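# Secondary and tertiary structure notes
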Amino acid sequence: MEAQRKFIVPIGPQHPALKEPGHFQFSVEGEIVTGATVRLGYVHRGIEKGAEARNWTQNLYLFERICGICSHVHATALALGAERLAGVEAPPRAQAIRTLMSELERIHSHMLWLGVAAHEGGFETLFMYSWRDREIVMDLLESLSGNRVNYSVNLIGGVKFDVTEKHHDEILKGIEILEERTKHYLKVVTTDRTFLARTRGVGLMTLQQAELFGAVGPTARASGVARDVRIDAPYEAYPQFPVRLVTDDGGDLLARFKVRTRELFESYRLIREILNHMPPGELTTRVPRRIPAGETISRVEAPRGELFYFIKSNGSEKPERIKVRTPSLCNWASVTQVAIGHKLADMPMILSGIDPCFSCNDRMVTINRGSSSQVWTWEELRRYGIEYYRQR
Amino acid sequence: MKIRLGTMFGDIIRSLFRRPATQLYPYERRPTPERLRGNLVWDPSKCTGCQLCIKDCPSDAIELIVLDKVAKKFVLRYHQDRCTYCAQCVVNCRFKCLNMDDQTWELASVNKEPFTVYYGKDEDVAFLLEKMARDNAGESGCPE
Amino acid sequence: MNNLTVHPLIGLLLFPGGLFLLASGLLYEWIDRKLVARFQNRVGPRFIQPLADLVKLLAKEEISPEGVNKPLFFILPVVALAAALTAALYVPMAGFVPAGSFRGDLIITLYLLSVLTLCLGLAGANTISRFAIIGATRTLTQLFSYEAPFLLALLGPAIAAASWQITDVDFYAQQHLWMAVTQPIGFLVALVGLMGKLELPPFDSPEAETEIVAGAMTEYSGRGYALFRLGKNIELVIGLTLVATFYLGGLANPVQFLIKTLGLLVVLAALQSLFARLRIDQTVGLWWRVGALLALAQLLVLFLLR
Ligand code: SF4
Ligand code: SF4
C-alpha cells in the first residue's frame, strides 16, 4: 500500500468554486483530505511597482483597485498615510464620511460573503436572498458616490462629496430593512439543520492555532482572538464612534458565520450613530502635491481583517515605495492547516470561510541575498515597535 | 437555539407570490441616482487651459489639445474606454468645466472608435479633425 | 374509471414513448427551473430555454478526452437515454394505459430507471479526470443508499394492491383512498428517494459544482452531455408519474396526470430550495439510518394490518 500514489485533487486556477484564480492541491484518501497546498500568483498586476510611476492622487485610484470588494479601505489606508506624512489631518466631517463609507462597505462585503459561503455549501436559496438584499447597500453606495464599486470617495486630505439630508434618510431606511433581514439570516445560519450539518465543527481553528497562523479579522475573531484595528488603534472617526468587539469562541465555520453576521449589526449601529452625530464643517484640507520625505505605516480594518500599508516618500510628487499587506494573505496559512482531516466536500466551505480574496495577495518578492540586510529578532522588533509608537 | 428544518420556508412561499427581484434590464431601466458618474462632459467656455485635470487623471483618459493658447482655443480629447469614472478631474477643475453626466451611462460598443470623444467649440473640433485628417493622409490608417 | 389505450406502434414512437416523452421531459425541466427560480425570488428561464439548451448542446462539438474507452464513452449516454425511454412504456404516462404491461413490470421499470445512474457512474469512471472519478464514486455510493429505501417505499402500495404490475396498482389506487394518506411514511420516502435518484439538491453532492465541477459528467460535452441531461429529464417525468400513480390515487386521465404530477413537482422544487447540500457521508447516513428504517417500518405495519 505504501507504493500507492497520492490521489491529488487539483482545484483551480479555473474551477467553479473559485471566483478568482488560485490553485489548490488536496491530496485525498477516499474523501478525507490528508494534505493541502496553495499556489497563488495568477493575478499579479504589479501594483506596488506601478505606484512608483504615479503621483499620490493617481495612486489612490490604483490602490483602490487592489480589491473590488474592499476598495474603499485601500484608498483610505493610503490617504491616511499620505496625510500623516504631510502633517495634515482630514477635517472631522470628511473623516466621518470615510468611516461611514467603510462601514457601508463592510456591510456589502459581509453580505456578499454570506451569499458566497452559502453557495459553496449548496444552499442556493440563501445565496440568492442575501445577494438580493445586498442590492440595497449597493444602491446606497451608488447614490452616495455615483459608483457601485470602487466608489472613489477619498481625496488626499478629504473626501469628494457630502452626505445630504436626503441621503441621511435613504441610508437609515435601507439599514432598517437590512437589519431586519440580517436578523433572519442569523437565525437561518444558526438554526437550519442541513446548513448546521455543514458548518458546525467544520474547519475548527483553536485560539492557539489562530495566534500561531497569524490569522486576522473575522476569521481570527471567530476563534476568540480579540483583535480589531478599529478598537486597538482607532483611526478616522472611530475614536468618536467606538466599535464594540465581536468575537466568538467556536472557532468553526459556524462561529465565522456568527461573527460576520453580528458584525453587520455593529455596522448598522455605527452608521446610525455617525449619521445622527455628523460633525459639521469642511470636506477637504489643502495638502501639498509634494508629500514631505519620510516613512510611515498605516493600518485599517478591512472587512477581511487588518490591512497594512507601509509608505515611503522621498519628497516628490510620487511615492518612493508603497508596500501592502492584505488580510487574506495572513489567513491562507490557516486554510492549509485546518483543511487536513476534513472531507473533500468541506474544502470549498473552509476556503470561503476566510472570505478569501486572491488578487490582493499576488505580489512578487525579490530577495537580495548578501546585501546589507539586517535580521531582527522578535525582541528587537518589538522594542522598535514600542519606540515607534511612543514617538508618534 | 432550537435546530429546525427548512428555516427559509416562509421566504420561499412569500417569494412565490411576489414579483421577482430581478430587473429585466434592457426593457426596464431604473432611474439613475443624481450623483451617478456617467459620461464625462466638458464645457469649453470656462476652461483656462491650466491642465490640472489632466495631471491627476489616473488613467490618462483626457488630453487637452491647445490650438491657440491666447485665444483660449482648446479641444478636449476624452477616451471613454480608459476612464475609470473616478471624478478626480471634476474635483480638480476650479472653473467647473467638467461634469459627469448622470444620464449617459450605457457606454458599450463593439469597436473602439466611438470611445474617443472630442469636446470643444464646434469650429475648433472641426479644425482639429481636419488637421488630423490632413496629417494622416498618405499614411495607412495608423492609430494615433 | 378505466384508462384509455393507444396503438403499440404509436406508443413506441410518439406517445407515451419517443416524442411525447422528450417534449414532456423538457417541459418539466422548465417548470422545475422556473419554480426554483420563483422560490428564490428570481425570474427564471423562459419556457423555450431547455429546448434551446438541448439544441445548442447537440450542435456543439463532442470532445472525447484522452484516456477514455472511446466506444464506451459514446455508447453510455445512448444507453442511459434508451433505458429511460423504455421505462416509460410501463408506466401510465398521461393517464393512458401503458404501452406494454406484464406481471412484475414494476421491478423492470425500477431497474431501467437505475440504468441511467449506473451509466453515469460508468461514464465518470471511464475517464481519467479526477473530478469525474470522484463524481462517479459518489454517484454510485448514492445509488446504493437510496435505491433500497426507494424500492421499499414503492413496494408498499404494490403489496396493498397485491400485484407487481403497475397497471394493477394503478387500478387499485384509483378505487381506494389515496395511499399518501394511508401510507404517509412510504410517500415521504418515495418522494425524497426520487430526489436522491435525480440528484436534485440537497442530494446533489455527486455533481456538486463547487467541489467537483460537474461530477461524473465533467468530461462530457455536446451530444453526450445533451443525452444525459435529456435522460435525467425523462426520469423526472417517469419518477413523478410513478409516485403519483402509487400514492396519489392513480392516474385515470390526462387531467389527473397533469394536476398530480405538477403538484408533486411544486413540492419537489420547494424541497430543492429549502436545504443546503448534504455531504455524501451525510446522505448515506440519512438513507440507511432513517430512510431504510422508515420504509421498513411502513412495510411492517402493512404486513401486520393485512
Ligand atoms: S473621471 Fe477619472 S479617469 Fe475619468 S477622465 Fe476624470 S480623472 Fe480621468
Ligand atoms: S482643470 Fe478645468 S480649466 Fe483647467 S484645463 Fe482642465 S478643464 Fe480646463
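Every residue gets a number counted from 1 within its own chain, in the order that chain's sequence is written. As they are written, the chains are lettered A onward and the ligands numbered 1 onward, keeping that order. With pLDDT at 70 or above as the cut-off, local features in this predicted model cover only qualifying residues; side-chain atom pairs require 80 or more to be listed or tallied, and sums for whole chains, interfaces and linings still use all residues. Side-chain figures throughout are based on the complete set of non-hydrogen atoms in the structure, without hydrogens or water.

### Considerations on the interface of chain C and chain B
In what follows, a contact means two residues having at least one pair of non-hydrogen atoms within 4.5 Å. Contacts between the two partners involve 9 residues from chain C and, on the opposite side, 13 residues from chain B. The term buried area means the drop in 1.4 Å probe accessible area that two parts suffer when joined, counted for both and summed. When the two sides are added together, the surface that chain C and chain B hide from each other amounts to roughly 1100 Å², 66% of it contributed by carbon and sulfur. Definition of a polar contact: a pair of N or O atoms within 3.5 Å, with one able to donate and the other able to accept a hydrogen when the atoms are protein atoms, and with sequence-neighbouring residues admitted only if both atoms are side-chain atoms. At the surface where chain C touches chain B, the tally comes to 3 residue pairs in polar contact (both at pLDDT 80 or more). For the side of chain C that touches chain B, the secondary-structure elements that each account for two or more residues are helix H2 (18-39) and helix H12 (254-274) of chain C. In terms of residues, the side of chain C that touches chain B owes the most to one element, H12(C), which gives 3 residues. For the side of chain C that touches chain B, the residue count by class is 5 nonpolar, 2 polar and 2 charged. The helix and strand labels rest on DSSP assignments: H or I over at least four residues marks a helix, E over at least two residues marks a strand, and numbering proceeds from the N terminus. In the scheme used here, Gly and all other residues not listed as nonpolar or charged are polar, with Ala, Val, Leu, Ile, Met, Phe, Trp, Tyr, Cys and Pro taken as nonpolar and Asp, Glu, Lys and Arg as charged.

### A word on unusual backbone geometry
Residues and elements named next belong to chain B. A positive phi angle, near 50°, is found at Asp60, a position not held by glycine. Mapped onto the elements, Asp60 comes out in the loop between helix H2 (52-56) and strand E2 (62-68). Phi is positive for Lys96, which is not a glycine, with a value near 55°. For Lys96, a relative accessible area of 59% gives the class exposed. Partly exposed residues are those whose accessible area sits between 20% and 50% of the maximum for their type, while under 20% is buried and over 50% is exposed, using a 1.4 Å probe and protein chains only.

### Here's the deal with the nonpolar core
It is characteristic of soluble globular proteins that their nonpolar side chains tend to be buried jointly. Take the buried residues of types Ala, Val, Leu, Ile, Met, Phe, Trp, Tyr and Cys, join any two whose side-chain atoms come within 4.5 Å, and each joined set is a nonpolar core. Counting residues in each nonpolar core, the largest one holds 191 residues, and the members touching the most others are Phe26(A), Phe63(A), Leu104(A), Ile107(A) and Tyr309(A). Take this core: its biggest share by element is 14 residues, from helix H4 (residues 92-120) of chain A. Beyond its immediate stretch of four places on either side in the chain, Leu104(A) contacts Val137(A), Leu140(A), Leu141(A), Leu144(A), Ile175(A) and Ile271(A). In terms of nonpolar packing, the next biggest core, distinct from the first, is built from 22 residues, Leu64(B), Tyr85(B), Leu98(B) and Tyr119(B) among them.

### A look at helix H13 (residues 280-305) of chain C
All names here are of chain C. With 26 residues, H13 should reach 38 Å at 1.5 Å per residue; the first-to-last C-alpha distance of 36 Å fits that figure. Maximal helix bending in H13 amounts to about 35°, located at Trp287. Listing the buried residues of H13 in full gives Ile280, Gln282, Thr283, Gly285, Trp287, Gly291, Ala292, Ala295, Gln298, Leu299 and Leu302. The length a helix should cover is 1.5 Å for every residue beyond the first. Consider a residue and the seven residues that end there alongside the seven that start there; fitting an axis to each set, the bend is the angle between those axes.

### Focus on the sheet that holds strand E8 (residues 319-325) of chain A
Residue and element names in this part refer to chain A. Only strands that DSSP links by at least two bridges are regarded as paired with each other. One open sheet accounts for 3 strands, arranged E6-E7-E8; its pairing is antiparallel. Each of the sheet's edge strands pairs with one partner strand only, and the pair in question is strand E6 (294-302) and E8. Going across the sheet, the axis of each strand differs from the next one's by a mean of 15°, ignoring polarity. Note: E6 against strand E7 (residues 305-313), 9 bridges, orientation antiparallel. What sits directly across from Arg299, in E7, is Phe308. For helices, the fitted axis covers only the stretch in contact; all axes are lines through C-alpha atoms, and the angles between them, taken along N-to-C directions, range from 0 to 180 degrees.

### Some thoughts on the site of ligand 1
Near is defined per residue: the residue qualifies when any heavy atom it owns lies within 4 Å of the molecule or strand. With respect to spatial proximity, 14 residues lie near ligand 1, and among them Cys57(B), Cys83(B), Thr84(B), Cys86(B) and Cys89(B) are the closest. Class assignment for the residues of the shell around ligand 1 results in 11 nonpolar, 3 polar and no charged.

### Digging into the interface of chain B and chain A
Residue-level contacts link 29 residues of chain B with 40 residues of chain A. For the chain B and chain A pair, buried surface summed over both sides reaches about 2800 Å², with 49% attributable to carbon and sulfur atoms. It is Met8(B), Arg35(B) and Arg37(B) in chain B that bury the most area against chain A; as a group they hold 25% of the surface buried on that side. For salt bridges, the criterion is a side-chain nitrogen of Lys or Arg within 4 Å of an Asp or Glu carboxyl oxygen. Where chain B packs against chain A, one counts 4 salt bridges. Notably, a salt bridge pairs Arg30(B) with Asp139(A), separated by 3.2 Å at the nearest N-O pair. For the interface between chain B and chain A, the tally reads 15 residue pairs in polar contact (both at pLDDT 80 or more). When contributions to the side of chain B that touches chain A are tallied by element, the ones reaching two or more residues are helix H1 (9-16), H2 and helix H3 (88-92) of chain B. Taken together, the residues of the side of chain B that touches chain A sort by class into 14 nonpolar, 5 polar and 10 charged.

### Here's the deal with the packing of helix H4 (residues 70-87) of chain C against helix H5 (residues 105-126) of chain C
Helix-helix packing is described using two parameters, namely the angle between the two axes and the distance between the axes. All names here are of chain C. In the contact formed by H4 and H5, the axes pass within 8 Å of each other and the chain directions differ by 165°. One way to sum up the angle between H4 and H5 is to call them roughly antiparallel. Considering only the axes of H4 and H5, their crossing is left-handed. Together, Leu72, Phe73, Leu76, Val79, Ala80, Ala83, Thr86 and Ala87 of H4 and Thr109, Leu112, Leu113, Val115, Leu116, Cys119, Leu122, Ala123 and Asn126 of H5 make up the contact between the two elements. A breakdown of the residues in the contact of H4 with H5 according to their chemical character gives 14 nonpolar, 3 polar and no charged. Should an angle lie under 35 degrees it is considered roughly parallel, over 145 roughly antiparallel, and from 65 to 115 roughly perpendicular; all remaining angles are considered oblique. By convention, the crossing between two helices is left-handed when the near helix turns anticlockwise from the far helix through less than a right angle, and right-handed when the turn is clockwise.

### As for the side chain of Glu235(C)
Residues and elements named next belong to chain C. Considering the arrangement of structural elements, one finds Glu235 in helix H11 (residues 222-247). His is not counted here, nor are the chain ends, while Lys and Arg score as positive and Asp and Glu score as negative. Here Glu235 sits buried without a salt bridge, and the closest side chain of opposite charge, Lys197, lies 5.0 Å off (N-O distance). Setting aside residues no more than four positions away along its own chain, Glu235 makes contact with Leu113, Leu116, Lys197 and Leu198.

### Here's the deal with the site of ligand 2
Around ligand 2, the neighbouring residues are Trp42(B), Cys47(B), Thr48(B), Gly49(B), Cys50(B), Gln51(B), Cys53(B), Leu64(B), Cys93(B), Phe95(B) and Cys97(B). Across the shell around ligand 2, the residue classes break down as 8 nonpolar, 3 polar and no charged.

### A look at the environment of Thr284(A)
Mapping Thr284(A) onto the fold places it in the loop between helix H11 (253-276) and E6. For Thr284(A), the contacting residues outside a window of four places in its chain are Pro91(A), Leu155(A), Gly157(A), Gly158(A) and Val159(A).

### Considerations on the confidence of the model for chain B
Confidence of the prediction at every residue is given by pLDDT, a number between 0 and 100. Per-residue confidence for chain B averages 82 on the pLDDT scale, and 94% of its residues sit at or above 70. The secondary-structure element of chain B with the lowest mean pLDDT is H1(B), recorded at 77, while H3(B) shows the highest, at 88.

### A few points about the sheet that holds strand E2 (residues 23-29) of chain A
Residues and elements named next belong to chain A. Within the open sheet, the 3 strands sit side by side as E1-E2-E3. Their pairing is antiparallel. Since the sheet does not close on itself, it has two edges, and those belong to strand E1 (7-11) and strand E3 (32-39), each with one partner. Each neighbouring strand pair of the sheet contributes to a mean axis angle of 20°, computed without reference to strand direction. Pairing analysis gives 5 bridges linking E1 to E2, with the strands arranged antiparallel. Residue pairing for E2: Val9 is matched across the bridge by Phe26.

### Description of the environment of Leu67(B)
Residue and element names in this part refer to chain B. In this structure, Leu67 sits in strand E2. Sequence separation of Leu67 and Thr84 is 17 residues, and the distance between their C-alpha atoms is 27 Å. With residues near it in sequence (within four places) discarded, Leu67 still touches Lys73, Val75, Asp124, Phe127 and Leu128.

### Examining the packing of aromatic side chains
Two aromatic rings are characterised by how far apart their centres lie and by the angle between their planes. Two aromatic rings from Phe, Tyr or Trp, using only the six-membered ring of Trp, form a pair when their centres are within 6.5 Å; if the ring planes differ by under 30 degrees the pair is stacked, by over 60 it is edge-to-face, and anything between is tilted. Enumeration over the complete set of coordinates arrives at 17 aromatic pairs over all chains. Centre to centre, the rings of Tyr235(A) and Tyr238(A) are 5.1 Å apart; their planes meet at 70°, and the pair counts as edge-to-face. Summarising the burial analysis for this pair, Tyr235(A) and Tyr238(A) share the class buried. Between Tyr220(C) and Phe228(C), the ring centres sit 5.2 Å apart and the planes meet at 90°, which makes this aromatic pair edge-to-face. Of the two residues, Tyr220(C) and Phe228(C), both sit in the buried class. In this structure an aromatic cluster arises from ring pairing among Trp113(A), Phe123(A), Phe195(A) and Phe257(A).

### Observations regarding the pairing of E2(B)
All names here are of chain B. As paired elements, E2 and strand E3 (residues 73-79) share 6 bridges and run antiparallel to each other. Paired with Asp68 across the two strands is Lys73, which belongs to E3. The turn linking E2 back onto E3 is made up of 4 residues, and Lys72 within it adopts a positive phi angle of 55°.

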